[in-house]
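Here are the chains, one letter per residue:
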Amino acid sequence: MGAGRILLTDLIDDGCLFSATGLPLADRGMATALTRHRRGRAVRHGQMTHRLMCPASRLDDLRRAVPPDDLIRVTVVADVDVTGLAPAMARCQADPRIVLTAVEYPLALSGRADTASGLSRIARLVEETEVRLFAEPARLDDVPRLVDAVHGLRPGCRVGLRLRCAGPGPHAFAAPDAYARALVRAAAGRLPVKAVGCAELATRNFRAAHPTHFGVLNLLVAAARAACGGDAERVAADLVRCDPSELVELVCRLSPEAARATRRLLVGCASSDPMTTVADCDRLGLWTQVSTGAGAEAETISETRSRAGAAAS
C-alpha cells in the first residue's frame, strides 16, 4: 500500500451535525443528517470512516430517527457533563442499532481546574470497554499537563487528545504555533490525536484579514513532521502552507513507514461536509495518484456520487 493511501484511508469522520468550526448545529434536523450520512455510507469512499459524530444532548433524537433495520457507528461529542453523559451513553450501548465507537470530551465541561482529576472522572466511563476517549484541553497550552495526566491513568484506558482547529469566533481559531506545540507533545507522548474544526477543503485557504482553518493535508503533513521528530517551528510552517501542489508533493514524498507513523499520531479529522473534503482531495489527484502504486483502481468522487445517488433512489 502506498504512503498516500495509508494517510488518507479511514481519515474523515462525518460531522454533519456540526458547523465548520466544530460547534453543534441545533437547527439541523436529525432526519436530514441521517439522510446525508446514509448517502456518504452508500459512496463507500475509502477516505471516510462512516462514523457519525453526534452531540450527547441529541443521542435520544438519534435513536428515535434510526430505522429498526439500520446499524450506525457513532462518536459521541459531549456537550453535557458526566452526570448527563453517562445515562445517554448507557442507552446507546443497549441499543442494537448503534455501535458506540468513541467519546469526545472537552475537559472544560468537567468544571475542574485540575486536569488530572477532570480526566480521571471521564475516563471511568470508558474503562474496560472498546470505546476510545478523546479528551480536549481547555487551552492548547494545557496539552503537556494533559499528556502527563493520560499517562497517569490505569493501564488499558484508550485515551487520546481532541485538538480543536477553530471555534465560534476569530479569538477561538488555533494559533499555528500553539497547535504545532500540541502535536509535537502528543507525538512525544505517543498519544493519538483527533482534529476537529478542520477546513472542509483539503488545504488551508489563506485570507490575510481573517484566521483560517487548517486543511486536512496541512494536518497530515504537520503530523508527519511531528511523528518523525520535527520541531514545533517546522510543524507550524506546515500548518500554514497554502500551496496545494506543495502539500501534495510533501505527502507523496513520505515512505509507507512514515505514513503509518503519521496515522498513529493523527487518527482522524472531523469534517462538517465529508463529501466536499473527499472531493477536494480527488480534485488534487491525491486518491487516484496514491492508488496507482498499490495496484488498485481508484474511484473518483464523481463516480461515487453517482453510485450514492443511485443507491439513495
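Rules behind the numbers
- Residues numbered from 1 in each chain as written.
- Predicted model: local features only at pLDDT ≥ 70, side-chain atom pairs only at ≥ 80, totals over all residues.
- Heavy atoms only, no water.
- Helix = DSSP H or I, 4+ residues; strand = E, 2+ residues; numbered from the N terminus.
- Buried < 20%, exposed > 50% of the residue type's maximum accessible area, 1.4 Å probe, protein only.
- Areas by Shrake-Rupley, 256 points an atom, 1.4 Å probe, with all protein chains shown as cover.
- Pairing = 2+ DSSP bridges.
- Axes fitted to C-alpha atoms, helices over the stretch in contact; angles between N-to-C directions.
- Contact = heavy atoms within 4.5 Å.
- Right-handed = clockwise from strand over helix to strand, strands pointing away.
- Parallel < 35°, antiparallel > 145°, perpendicular 65-115°, else oblique.
- Left-handed = near helix turned anticlockwise from the far one by under 90°.
- Nonpolar A, V, L, I, M, F, W, Y, C, P; charged D, E, K, R; others polar.
- Polar contact = N/O pair within 3.5 Å; in protein donor to acceptor, adjacent residues only side chain to side chain.
- pLDDT = per-residue confidence, 0-100.
- Phe/Tyr/Trp six-rings, centres within 6.5 Å; stacked < 30°, edge-to-face > 60°.
- Core = buried A, V, L, I, M, F, W, Y, C linked by side-chain atoms within 4.5 Å.

### Observations regarding the overall build of the chain
Here's step 1: Scanning the chain from N- to C-terminus turns up 14 helices and eight strands.
Here's step 2: Buried positions account for 54% of the 313 residues belonging to the chain.
Here's step 3: Within the structure as shown, the chain displays about 13400 Å² of accessible surface, and the carbon and sulfur contribution to it stands at 51%.

### Quick notes on the sheet that holds strand 6 (residues 159–164)
Here's step 1: Taking strand neighbours around the barrel as the criterion, the eight strands line up as 1-2-3-4-5-6-7-8 in a closed arrangement whose pairing is parallel. Going from strand to strand, the sheet's axes swing by 30 degrees on average, the running direction of each strand aside.
Here's step 2: By the bridge criterion, two bridges tie strand 1 (residues 12–14) to strand 2 (residues 48–55) in an arrangement that is parallel. Bridging from a neighbouring strand, I12 pairs with M48 of strand 2.
Here's step 3: On top of the sheet, helix 7 (residues 176–188) reaches strand 6 and strand 7 (193–196); it is set at about 170 degrees to strand 6, its chief contact.

### Here's the deal with the pairing of strand 3 (residues 72–77)
Here's step 1: Buried residues dominate strand 3, accounting for five of its six residues.
Here's step 2: Sheet analysis places strand 2 next to strand 3, joined by five bridges and oriented parallel. Paired with P55 across the strands is V77, a residue of strand 3.
Here's step 3: The β-α-β motif built from strand 2, the intervening helix 3 (residues 59–65) and the parallel element strand 3 has right-handed crossover chirality.
Here's step 4: Bridge analysis of strand 3 against strand 4 (residues 98–106) gives six bridges, and the strand direction is parallel. Residue pairing across strands places V74 opposite L100, the latter belonging to strand 4.

### Remarks on the packing of helix 7 against helix 9 (residues 232–239)
Geometrically, a packed helix pair is captured by the angle between its two axes and the distance between the axes.
Here's step 1: Helix 9 packs onto helix 7 with a crossing angle of 120 degrees between their chain directions and a minimal axis gap of 8 Å. One way to sum up the angle between helix 7 and helix 9 is to call them oblique. Taken as a pair, helix 7 and helix 9 cross one another with a handedness that is right-handed. Contact residues: helix 7 offers P176, D177, Y179, A180, R181, L183 and V184, while helix 9 offers A232, V235, A236 and L239.
Here's step 2: Looking at the contact of helix 7 with helix 9 residue by residue, the class counts come to nine nonpolar, no polar and two charged.

### Quick look at the side chain of D95
Here's step 1: Position of D95 among the secondary structure elements: in the loop between helix 4 (82–93) and strand 4.
Here's step 2: Residue D95 is classed as buried on the basis of its relative accessible area of 7%.
Here's step 3: Here R63 takes part through its side chain, which lies 3.3 Å from a polar atom of the side chain of D95.

### Observations regarding the packing of helix 8 (residues 216–227) against helix 9
Here's step 1: Where helix 8 meets helix 9, the axes come as close as 8 Å, and the angle between the chain directions of the two elements is 165 degrees. The orientation of helix 8 with respect to helix 9, classified from their angle, is roughly antiparallel. Here the hand of the crossing between helix 8 and helix 9 comes out right-handed. Contacts from N218, L219, V221, A222, R225 and A226 of helix 8 reach helix 9 at R234, V235, D238 and L239.
Here's step 2: Here the contact of helix 8 with helix 9 is built from residues that sort into six nonpolar, one polar and three charged.

### Thoughts on the confidence of the model for the chain
Here's step 1: With 86% of its residues at a pLDDT of 70 or more, the chain shows a mean pLDDT of 84.
Here's step 2: Here helix 14 (residues 301–312) stands out as the least confident element of the chain, with mean pLDDT 37; helix 7 is the most confident, with 97.
Here's step 3: A low-confidence stretch, residues 290–313 (pLDDT under 50), is modelled with 36 contacts involving residues beyond four sequence positions or located in other chains.

### Quick word on the side chain of E136
Here's step 1: With respect to the helices and strands, E136 occurs in strand 5 (residues 132–136).
Here's step 2: Separated by 3.2 Å, the side chains of E136 and R164 make a polar contact.
Here's step 3: Setting aside residues no more than four positions away along its own chain, E136 makes contact with Y105, P106, L107, R162 and R164.

### Quick notes on the pairing of strand 4
Here's step 1: Among the nine residues that make up strand 4, eight are buried, leaving the element largely enclosed by the rest of the structure.
Here's step 2: Note that the unit made of strand 3, helix 4 and strand 4 has a crossover that is right-handed.

### Structural notes on the packing of aromatic side chains
Here's step 1: The final tally for this structure, using the stated rule, is one aromatic pair.
Here's step 2: Seen in terms of ring centroids, Y179 and F214 are 5.3 Å apart; in terms of plane orientation they differ by 65 degrees. Their pairing is edge-to-face. In this pair, Y179 sits in helix 7 while F214 sits in the loop between strand 7 and helix 8, placing the two residues 35 residues apart along the sequence.

### Regarding the nonpolar core
Here's step 1: By size, the foremost hydrophobic cluster in this structure holds 92 residues, and its most contacted members are L62, L119, Y179 and L219.
Here's step 2: Looking at this core element by element, the count peaks at nine residues for helix 8.
Here's step 3: In contact with L62, other than residues within four places in its own chain, are M30, L34, L52, C54, I72, V74 and I98.

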